[in-house]
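What follows is each chain in one-letter form.
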Amino acid sequence: MNLHEYQAKQLLANFGLDMPMGVCLEDNNPDSIAKALVPFQTHENVVVKAQIHAGGRGKGVFTENGQHGVQVVPLNQAEQAIASMFGNTLVTKQTGSEGKRVRKVYLTEAISVEKEFYVSILIDRTQQCPVLIASSEGGCEIEEVAQKSPDAILKLPIDPLLGLRPFQARKVCYLFGLTDELAQRCVQTLLKLYQAFVKLDASLIEINPLVSTKEGRICLLDAKVQLDDNALFRHPEYAALDDPYEKDPKEVEAGEAKLNYVALKGNIACLVNGAGLAMATMDIIQHFGGKPANFLDVGGGAKQEQIEAAFRIILKDPNVKGIFINIFGGILKCDMLAQGVVNAAHSVQLKLPLVIRMKGTNVEIGKQILKDSGLPLIPIDDLALAAQTIVDKVK
Amino acid sequence: MSIFIDKNTRVLVQGITGKTGLFHSKQCLDYGTNIVAGVTPGKGGQKVHDCIPVFNTVTEACAATHPNASMILVPPALAADSILEAIDAGIPLVVCITEGIPTQDMVTVKRKLQGSKTRLIGANSPGLMAPGKCKMGIMPASIHKEGSIGIVSRSGTLTYEAVWQLTEKGYGQSTTVGIGGDPIIGTTYIDVLKAFNEDPQTEGIILIGEIGGSAEELAAEYIREHIKKPVAAFIGGCSAPAGKRMGHAGAIISGTAGTAASKIAALKAAGAEIAQHPADIGAAMIRALNRK
């Protein structure tokens, strides 16, 4: 699960980490804005930050007015900066050309930055353990730094049984060129970040930049946190942090029906059991010149109602011109699947071409159900032929 | 010979009294798997399927029935603890079927596996199948046939697809190994490739991979340097967009890393015959076998 910056900072603040004071605005009405600006009355400047699930906001541009997604402005221009963001579409390097609509704006204290650094903690798949990645070049994309100046990056594997050790944190301070009190403060910051990583069941914490200030603070200027979806059962309170506006509405509905659905841009809807087969089914459509409209794994133990829900969800996509069902029945029985498809097709009065390929448990009974339904379904046993057929049908 | 399991494997089932545990232990028993005991805390003293004794702890089950492998079918919140219990009891082979275990739990498990006597398969694995000898997993038994092709895969249903294609073309399987679709797993491609390379029954190897991570690239390097047998490979996710998790927790392209193109290029360079699409996996294996 992805979080907004303001949510990530709220969670991290509980671990005693230092960051600029901030207030999140959820609507653009003058009273809320006036109230939100109260804590900043003695400040000269304020930082206004658009809250979307994508990086590159500072360089990103609003399509409506050409303004940037992060603006440092004098206090008396804060209202104007806020207005330039609310309801508008921000396009950054990570959003794609369609951009993302801004529904929340975060106001923070402007601080006097001395040096900028990069720190992240994540699970490294190759080393199969958490790693801390640090770079003395803060504010840049870490992938770019890795290419241009690999020496500026430190990558430290962390033993999960011991946690991040102070000697490791000190190595990072030397890389950053910090000494004395500032170094000690930085060690504490890194140790707290690792504590947060474990306690939050995070899969990623990225602080870019982490900064030192003239007053001797070590401060989290930005924060990106990803929580492990598999660990959400341990943290029921996180459910409220999920922002449905950041997802495709079909993906939200699929989540509620316990289906694995990802919206794509093509016109052939797919309904498959098993994640690997679902992905491979998209591939074979593409191989024969078609374009998949979605990834959909109904799972190994799908029930009839879930099949019907899956059918409704894939048909909500207006681009869909045909449907391809590919089922390898193991635990999931083909007769149950067939009945679910027939029910759903009847209830939506399906007009689109539908190619269905089934294998495995109870496949003969399943085929009979399709045949008896009187619906114009096209059953094909051979996977390649089935994929070719649906591609031809939507042309 | 098969790898990891055979006719003599004595199987313990952790979580045997749950709905999933009961169903799949019955399927395995019917196939002929020698299930010697089950474990469910609090259910010790019961019997399931009229003949399998249930114990409260793995240690008790080991003392009474001497299993040498454990299949874990417990819910995700408790699964990592079950694996740790099996490691603690010194069980040499643990197959964890459970999907959805928190990643940080698996990081701890992975650390505890170091220096232990245990090989872990999974988690999020369909299990192990040695046709004609032992089924230790949730795969549909009927599509399998005893033979000479070894399969190693990150995906369940895609493995069934490959097995079916082989069986239909008259080629049986020595062992199929689902290493699991999670980012942190016990046994890797390389461990399995090494075992297949040394197994006299295995004459050809199918590797099924998908987007995310770099395990397939590492496997390709190993194939190039060490594998003497014909290899066919399929990588799922050519059509997957970056940054989106495609079902499996591990199936995600991060930035420019983990793409299907990079994996296919590495495997091709290592001499593997690449399946052009998922319906071509069986045929690709036959092409690889006929190359010599």
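For clarity, every value in this text was computed on a predicted model and none was experimentally measured.

Quick word on the overall build of chain B
Secondary structure summary: chain B contains 9 helices and 14 strands in total. When the backbone C-alpha atoms are referred to their principal axes, chain B occupies close to 55 × 40 × 30 Å. At a minimum sequence separation of 6, the contacts of chain B that also span at least 24 residues come to 71%. Counting only carbon and sulfur atoms, one obtains 52% of the accessible surface of chain B, whose full area is about 10,400 Å².

Brief notes about the nonpolar core
The biggest cluster of nonpolar side chains holds 95 residues, and the ones touching the most others in it are A:F324, B:M136, B:I206, B:L207, B:M246 and B:L267. Ranked by residue count, the leading element in this core is helix α8 (residues 275-287) of chain A, at 8 residues. Dropping the residues within four chain positions of it, A:F324 is found in contact with A:I268, A:A269, A:C270, A:L271, A:T281, A:I285, A:V355, A:R357, A:L383, A:A386, A:A387 and A:I390. Core analysis: the second largest hydrophobic core is formed by 69 residues, A:L11, A:L17, A:A202 and A:L210 among them.

Structural notes on the sheet that holds strand β7 (residues 105-109) of chain A
All names here are of chain A. Read from one edge to the other, the open sheet built from 4 strands follows the order β1-β7-β2-β4, with strand pairing classed as antiparallel. Each having just a single partner strand, β1 (22-25) and β4 (70-74) make up the two edges of the open sheet. Each strand axis lies, on average, 25° off the axis of its neighbour in the sheet, ignoring direction. Alignment of strand β2 (residues 45-50) against β7, held across 5 bridges, turns out to be antiparallel. Opposite A50, over in β7, you have V105 as the bridge partner. Each of β1, β2 and β7 touches helix α1 (residues 5-13); the most contacted strand, β7, lies at about 50° to it. Set on the sheet, helix α2 (residues 30-37) makes contact with β1 and β7; between it and β1 the angle comes to about 175°.

Concerning helix α5 (residues 166-176) of chain A
Residue and element names in this part refer to chain A. Within α5, burial applies to Q168, A169, V172, C173 and F176. Seen end-on, α5 carries its buried residues on one side only, within an arc spanning 150°. Residues of α5 that are buried sit in contact with β8 (113-124), β9 (129-135), β10 (153-157), α6 (180-199) and β11 (202-213). Looking one or two places after α5, you find G177, whose phi comes out positive at around 75°.

A few points about the domain arrangement of chain A
Splitting chain A by domain gives domain 1 (21-109), domain 2 (113-239) and domain 3 (248-394). If you average the C-alpha positions of domain 1 of chain A and of domain 3 of chain A, the two centres end up 42 Å apart.

A closer look at the sheet that holds strand β3 (residues 61-62) of chain A
Hydrogen bonds along the backbone pair up the strands of a sheet, which may run parallel or antiparallel. Residue and element names in this part refer to chain A. The 3 strands are arranged β3-β5-β6 in an open sheet whose pairing can be described as antiparallel. At either end of the open sheet lies a strand with only one pairing partner, and these are β3 and β6 (100-101). With 2 bridges connecting them, β3 and strand β5 (residues 89-91) associate as antiparallel partners. Residue pairing in the sheet places V61 in a bridge with V91 of β5.

Points about the side chain of A:R57
All names here are of chain A. The residue R57 is located in the loop between β2 and β3 in this model. A residue is classified by how much of its surface remains accessible, and R57, at 8% relative accessible area, is buried. A polar contact is formed between the side chain of R57 and the backbone oxygen of A50, at a distance of 2.8 Å. Not counting residues up to four positions away in its chain, the partners in contact with R57 are E5, K49, A50, Q51, I52, H68, G69, V70, L90, T92 and D222.

Here's the deal with the packing of aromatic side chains
One pass over the structure, following the stated rule, counts 5 aromatic pairs over all chains. Plain terms: the ring middles of A:F328 and B:W164 are 6.3 Å apart, the flat faces sit at 75° to each other, and that makes the pair edge-to-face. Here B:W164 lies in helix α5 (residues 156-168) and A:F328 lies in strand β17 (residues 322-329), a pairing that spans two chains. Residue class for A:F328 comes out buried when judged on its relative accessible area of 1%. Clustering of aromatic rings is evident, with ring pairs tying together A:F328, B:Y160 and B:W164.

Considerations on the interface of chain B and chain A
Across the boundary between the two partners, chain B contributes 55 residues, which contact 47 residues of chain A. Overall, the association of chain B and chain A removes approximately 4,000 Å² of surface from exposure, summing both partners, and the carbon and sulfur fraction of that is 63%. In this structure, the connection of chain B to chain A is made through 4 salt bridges. Its salt-bridge partner being B:R111, residue A:D159 comes within 2.9 Å of it at the nearest N-O pair. Seen at the junction of chain B and chain A, the total is 16 residue pairs in polar contact (both at pLDDT 80 or more). For the side of chain B that touches chain A, the element with the highest residue contribution is helix α4 (residues 103-113) of chain B, accounting for 8 residues. Grouping the amino acids of the side of chain B that touches chain A by side-chain chemistry returns 27 nonpolar, 18 polar and 10 charged.

Re the pattern of salt bridges
Opposite charge on two side chains lets them pair, provided their charged atoms get close. Evaluated as defined, the whole model comprises 31 salt bridges over all chains. In this structure, A:E246 and A:K100 form a salt bridge, with 2.6 Å as the shortest nitrogen-oxygen distance. Placement of A:E246 in the loop between β13 (224-227) and α7 (249-256) and of A:K100 in strand β6 is noted, with a sequence separation of 146 residues between them. The class of A:E246 is buried, set by a relative accessible area of 17%. Linking A:R357 and B:E161 is a salt bridge whose minimum nitrogen-to-oxygen distance equals 2.7 Å. One end of the pair, A:R357, is in strand β18 (residues 354-360); the other, B:E161, is in helix α5, on a second chain.

The rules behind the values
- Residues numbered from 1 in each chain as written.
- Chains lettered and ligands numbered in written order.
- Predicted model: local features only at pLDDT ≥ 70, side-chain atom pairs only at ≥ 80, totals over all residues.
- Heavy atoms only, no water.
- Helix = DSSP H or I, 4+ residues; strand = E, 2+ residues; numbered from the N terminus.
- Contact = heavy atoms within 4.5 Å.
- Areas by Shrake-Rupley, 256 points an atom, 1.4 Å probe, with all protein chains shown as cover.
- Core = buried A, V, L, I, M, F, W, Y, C linked by side-chain atoms within 4.5 Å.
- Buried < 20%, exposed > 50% of the residue type's maximum accessible area, 1.4 Å probe, protein only.
- Pairing = 2+ DSSP bridges.
- Axes fitted to C-alpha atoms, helices over the stretch in contact; angles between N-to-C directions.
- Arc of directions from axis to C-beta.
- Domains from an automatic or database assignment.
- Polar contact = N/O pair within 3.5 Å; in protein donor to acceptor, adjacent residues only side chain to side chain.
- Phe/Tyr/Trp six-rings, centres within 6.5 Å; stacked < 30°, edge-to-face > 60°.
- Buried area = accessible area lost by both parts, 1.4 Å probe.
- Salt bridge = Lys/Arg side-chain N within 4 Å of Asp/Glu carboxyl O.
- Nonpolar A, V, L, I, M, F, W, Y, C, P; charged D, E, K, R; others polar.

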